[in-house]
Structures are given as structure tokens and as C-alpha cells.
Amino acid sequence: EAQVTQNPRYLITVTGKKLTVTCSQNMNHEYMSWYRQDPGLGLRQIYYSMNVEVTDKGDVPEGYKVSRKEKRNFPLILESPSPNQTSLYFCASSPHGGKTEAFFGQGTRLTVV
Amino acid sequence: QQQVKQSPQSLIVQKGGISIINCAYENTAFDYFPWYQQFPGKGPALLIAIRPDVSEKKEGRFTISFNKSAKQFSLHIMDSQPGDSATYFCAASTLSGTYKYIFGTGTRLKVLA
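Quick caveat: nothing in here was measured; it's all calculated off a predicted structure.

Cut-offs used in this document
Residues numbered from 1 in each chain as written. Chains lettered and ligands numbered in written order. Predicted model: local features only at pLDDT ≥ 70, side-chain atom pairs only at ≥ 80, totals over all residues. Heavy atoms only, no water. Helix = DSSP H or I, 4+ residues; strand = E, 2+ residues; numbered from the N terminus. Buried < 20%, exposed > 50% of the residue type's maximum accessible area, 1.4 Å probe, protein only. Contact = heavy atoms within 4.5 Å. Areas by Shrake-Rupley, 256 points an atom, 1.4 Å probe, with all protein chains shown as cover. Lys, Arg positive; Asp, Glu negative; His and termini not counted. Charge placed at Lys NZ, Arg CZ, Asp CG, Glu CD. Salt bridge = Lys/Arg side-chain N within 4 Å of Asp/Glu carboxyl O. Buried area = accessible area lost by both parts, 1.4 Å probe. Nonpolar A, V, L, I, M, F, W, Y, C, P; charged D, E, K, R; others polar. Pairing = 2+ DSSP bridges. Polar contact = N/O pair within 3.5 Å; in protein donor to acceptor, adjacent residues only side chain to side chain.

**Student:** Describe the overall build of chain B, with residues and values.
**Tutor:** Counting its secondary structure elements, chain B contains zero helices and eleven strands. Out of the 113 residues belonging to chain B, those deemed buried represent 46%. When contacts within chain B are restricted to residue pairs at least 6 apart in sequence, those whose partners lie at least 24 apart make up 54%. For chain B, the computed accessible surface area is about 5500 Å², with 50% contributed by carbon and sulfur atoms. Between the averaged position of the 12 positive side-chain charges in chain B and that of its 7 negative side-chain charges there is a distance of 7 Å.

**Student:** I'd love a proper account of the pattern of salt bridges, names of residues and values included.
**Tutor:** Under the counting rule described, the total for this entry stands at six salt bridges over all chains. Between Asp38(A) and Arg44(A) there is a salt bridge, with its nearest N and O atoms 2.8 Å apart. On the basis of relative accessible area, Arg44(A) is assigned to the partly exposed category, the value being 25%. In this structure, the salt-bridge partner of Glu59(B) is Lys57(B), at a minimum N-O distance of 3.7 Å.

**Student:** Run through the interface of chain B and chain A, naming residues and quoting values.
**Tutor:** On the chain A side, the residues contacting the 22 residues of chain B number 24 residues. Both faces considered, chain B and chain A share a buried interface measuring about 1800 Å² in area, 54% of it formed by carbon and sulfur atoms. Those elements that place two or more of their residues in the side of chain B that touches chain A are strand 4 (33-38), strand 9 (86-93) and strand 10 (101-103) of chain B. A total of three residues in the side of chain B that touches chain A trace back to one element, the largest contributor, which is strand 10 of chain B. Within the side of chain B that touches chain A, the residues separate by chemical class into ten nonpolar, nine polar and three charged.

**Student:** Outline the sheet that holds strand 8 (residues 76-78) of chain A, supporting the account with residue identities and numerical values.
**Tutor:** Residues and elements named next belong to chain A. If you walk across this open sheet you meet the four strands as 1-3-8-7, and the pairing is antiparallel. Each end of this open sheet is capped by a strand with a single partner; those strands are strand 1 (4-7) and strand 7 (65-66). The pairing of strand 1 with strand 3 (residues 19-25) spans four bridges and is classified as antiparallel. Counterpart to Thr5 in the pairing with strand 3 is Ser24.

**Student:** Could you give me a rundown of the pairing of strand 2 (residues 10-14) of chain B, with the residues and numbers involved?
**Tutor:** All names here are of chain B. Of the two faces of strand 2, only one is covered, namely that formed by Leu11 and Val13; the face formed by Ser10, Ile12 and Gln14 stays uncovered. In the sheet, strand 2 pairs with strand 11 (residues 107-112) via five bridges, with the strands oriented parallel. Residue pairing across strands places Gln14 opposite Leu112, the latter belonging to strand 11.

**Student:** Any chance you could break down the side chain of Gln6(B) for me, citing the residues and the numbers?
**Tutor:** All names here are of chain B. Among the structural elements, Gln6 can be located in strand 1 (residues 4-7). Classification of Gln6 by relative accessible area gives buried; the value is 10%. Polar contacts involving the side chain of Gln6 include one to the main-chain carbonyl oxygen of Tyr88, which spans 2.6 Å. Here the side chain of Gln6 touches Cys90 through a polar contact of 3.3 Å, landing on its backbone nitrogen. Once you skip the residues sitting within four places of it in the chain, Gln6 turns out to touch Ile21, Asn22, Cys23, Trp35, Tyr88, Phe89, Cys90, Gly104, Thr105, Gly106 and Thr107.

Right, dumping it as C-alpha cells:
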């Protein structure tokens, strides 16, 4: 089954404790991206990757890191999480970025206390 | 210029009624306009999309109307059903360049039985 898999689905952590949210897709898509969803603000892009070893900032990259060492994986790293990073996070993949349909994961609800 | 403005923020419709969600954009370089549907606890999924060379696209009970001169597009859900209750996001992107989506802020639709 074609899918984008995120883990974990739920995470509660403390301020400053490094964490990684994993994302994997099995559709051989070139383009992957991370979004955060906040009430009243919609979906805002954090980082995107157009291919292996090619990443770039989205609209709200501060406090986040990503890497793309393999085509299928695109982890999101929070080196020192803060409460304002409490949000619902989505990973998405598509064959060619904004040209085509984006496939979203199930989401990761992160709470930073 | 990169924003997509979506309204209303929430919408309550009786079963069998018409749901209408509107979006407006500024950037004339946008040339792909998808709508995504998100159920609680799930990631967004593509519902329907339109390119600016047509003024309307219909798929079942869902229709996108596109007004290029006004830089507006809207989603119409005919014969709305309780199963349509979800959050709807409009988006815009360009078919060249950075290939990223710009999402609207979302509309939470509730269809009463």
C-alpha cells in the first residue's frame, strides 16, 4: 500500500530535549516536505527536499533541522524544542513538488512542556 | 503576495444543502489550485484540483469554480452529507520554480444530519 509513515503519532517532551520525528514513504517520490498545522494558521511549510541531499527552508524553518540521506526517509529534528513548537506536524511526499498531488502522513502531535 | 486567503473559518450546513468555501490569491504566477480534505486524526488528502485554463471542474458532488481575473476560486459541495464534515484547505502552487504549495488557513465544515 502506497503510504507516508510518520512516527511517533503522539509525543510529549520537555523543553530542550532533542527529538526526531521520522518520515518514510514507499512511493519513490523525489519531493518530500514537513508542515506544521496550527489553529487559524493552516498548514505552513517547515522544510522541503527536492531529492537526496537537497533540502531547503520553507516558511517557518527556525528551530528545526532535516536531512535527506535516502530517498524514502526525511526525518525532522528539533535540537532544543520549545513550547512554541507544540503543534501538529505532517510529512508529505509527491512525485514533483507543487506540480502534483501531495500525499500526507497521519500526523505527529507534539507537546513541549 | 504568497498568501492564499480562505473563508469562512467555519461553516455549518444542513444535510442536503450547498457548502461554499472561498479562496483568494495575489500571486499571478500560481497556476495549480488543489483542494485538500482532512478528517480528524488524519492527514490531508487531495479532493479535487484545477488549472487556470478552465473556469470550472466538477467531480461528483464537488465543484471548483475559478475566476482568473478576480484571482479567486471556490469549492462547492452539492447535497452536503454528514460524511463531508471535515476541514478543507485550498492551496496554490506554481508548475515551475520551487514547486511548493501555499495553503489557506482551512475551513472546518460541519454538516448536520
